[in-house]
Amino acid sequence: MKKLYDKFMALNIKSARAKAENRGLSFNEENFIKKQEAVLPILFFYGLTILLGFILPDVFTLVPSWIFFVILFGLIIRGVNHYFGWIRIEK
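Residues numbered from 1 in each chain as written. Predicted model: local features only at pLDDT ≥ 70, side-chain atom pairs only at ≥ 80, totals over all residues. Heavy atoms only, no water.

The helix and strand inventory of the protein stands at four helices and zero strands. Reading the protein from its N end, one meets helices and strands in the order α-α-α-α. Its C-alpha atoms give the protein a radius of gyration of 17 Å, more than 25% over the compact-globule value 12 Å for 91 residues. Its C-alpha atoms give the protein principal-axis dimensions of roughly 50 × 35 × 25 Å. Expressed as a percentage of its 91 residues, the buried residues of the protein come to 19%. Here the contacts in the protein between residues at least 6 apart in sequence split such that 64% fall between residues at least 24 apart. Surface summary for the protein: the accessible area is close to 7700 Å², and the carbon and sulfur share equals 67%. When the 12 positive and 7 negative side-chain charges of the protein are each reduced to one mean point, those points stand 3 Å apart. (Helix = DSSP H or I, 4+ residues; strand = E, 2+ residues; numbered from the N terminus. Rg over C-alpha atoms; globule rule 2.2 N^0.38 Å. Buried < 20%, exposed > 50% of the residue type's maximum accessible area, 1.4 Å probe, protein only. Contact = heavy atoms within 4.5 Å. Areas by Shrake-Rupley, 256 points an atom, 1.4 Å probe, with all protein chains shown as cover. Lys, Arg positive; Asp, Glu negative; His and termini not counted. Charge placed at Lys NZ, Arg CZ, Asp CG, Glu CD.)

Ranked by size, the top nonpolar core spans five residues in total: Ile42, Phe45, Phe68, Leu72 and Leu75. Mapped by element, the contributors of at least two residues to this core are helix 2 (29-55) and helix 4 (65-84). Among the elements that line this core, the one with the most residues is helix 4, at three residues. (Core = buried A, V, L, I, M, F, W, Y, C linked by side-chain atoms within 4.5 Å.)

What follows deals with the packing of helix 2 against helix 4. Close contact between helix 2 and helix 4 brings their axes to 9 Å; oriented N to C, the two are set at 175°. The angle between the axes of helix 2 and helix 4 places the two elements in the roughly antiparallel class. For the pair helix 2 and helix 4, the contacting residues are Asn31, Lys34, Lys35, Glu37, Ala38, Pro41, Ile42, Phe45 and Tyr46 in the first and Phe68, Ile71, Leu72, Leu75, Ile76, Arg78, Gly79, His82 and Tyr83 in the second. (Axes fitted to C-alpha atoms, helices over the stretch in contact; angles between N-to-C directions. Parallel < 35°, antiparallel > 145°, perpendicular 65-115°, else oblique.)

Attention shifts here to the pattern of salt bridges. A side chain of one charge can pair with a side chain of the opposite charge when the charged atoms of the two come close. All told, the structure shown has two salt bridges when counted by the stated rule. Measuring nitrogen to oxygen at the nearest pair gives 3.4 Å for the salt bridge that ties Lys2 to Asp6. Taken as a pair, Lys2 and Asp6 lie in helix 1 (residues 2-23) at a separation of four residues, close to a single helical turn. For Asp6, a relative accessible area of 38% puts it in the partly exposed group. Residue Glu29 pairs with Arg17 through a salt bridge whose shortest N-O separation is 2.4 Å. With a gap of 12 residues between them, Glu29 in helix 2 and Arg17 in helix 1 connect regions that are remote in the sequence. (Salt bridge = Lys/Arg side-chain N within 4 Å of Asp/Glu carboxyl O.)

The structure is reproduced here in structure tokens:
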């Protein structure tokens, strides 16, 4: 899964860089990577939820709906923190 995510990020960066060059804009790779790393887990969660909804619709009747909202809220908080860097874990 990590390799797939890394390949997806590399293709995203390559595409965004080419699009910026075509438009004649400067491309800030660090800022783009920060935005993508903040947003992609939320989008993947949405995709996984929709996919599970089509494949296994009974899962949504067995699992309480608040669990999905807690996971989504956690991913949003993680993404905002990752982008702005409010909380840092030092080693």
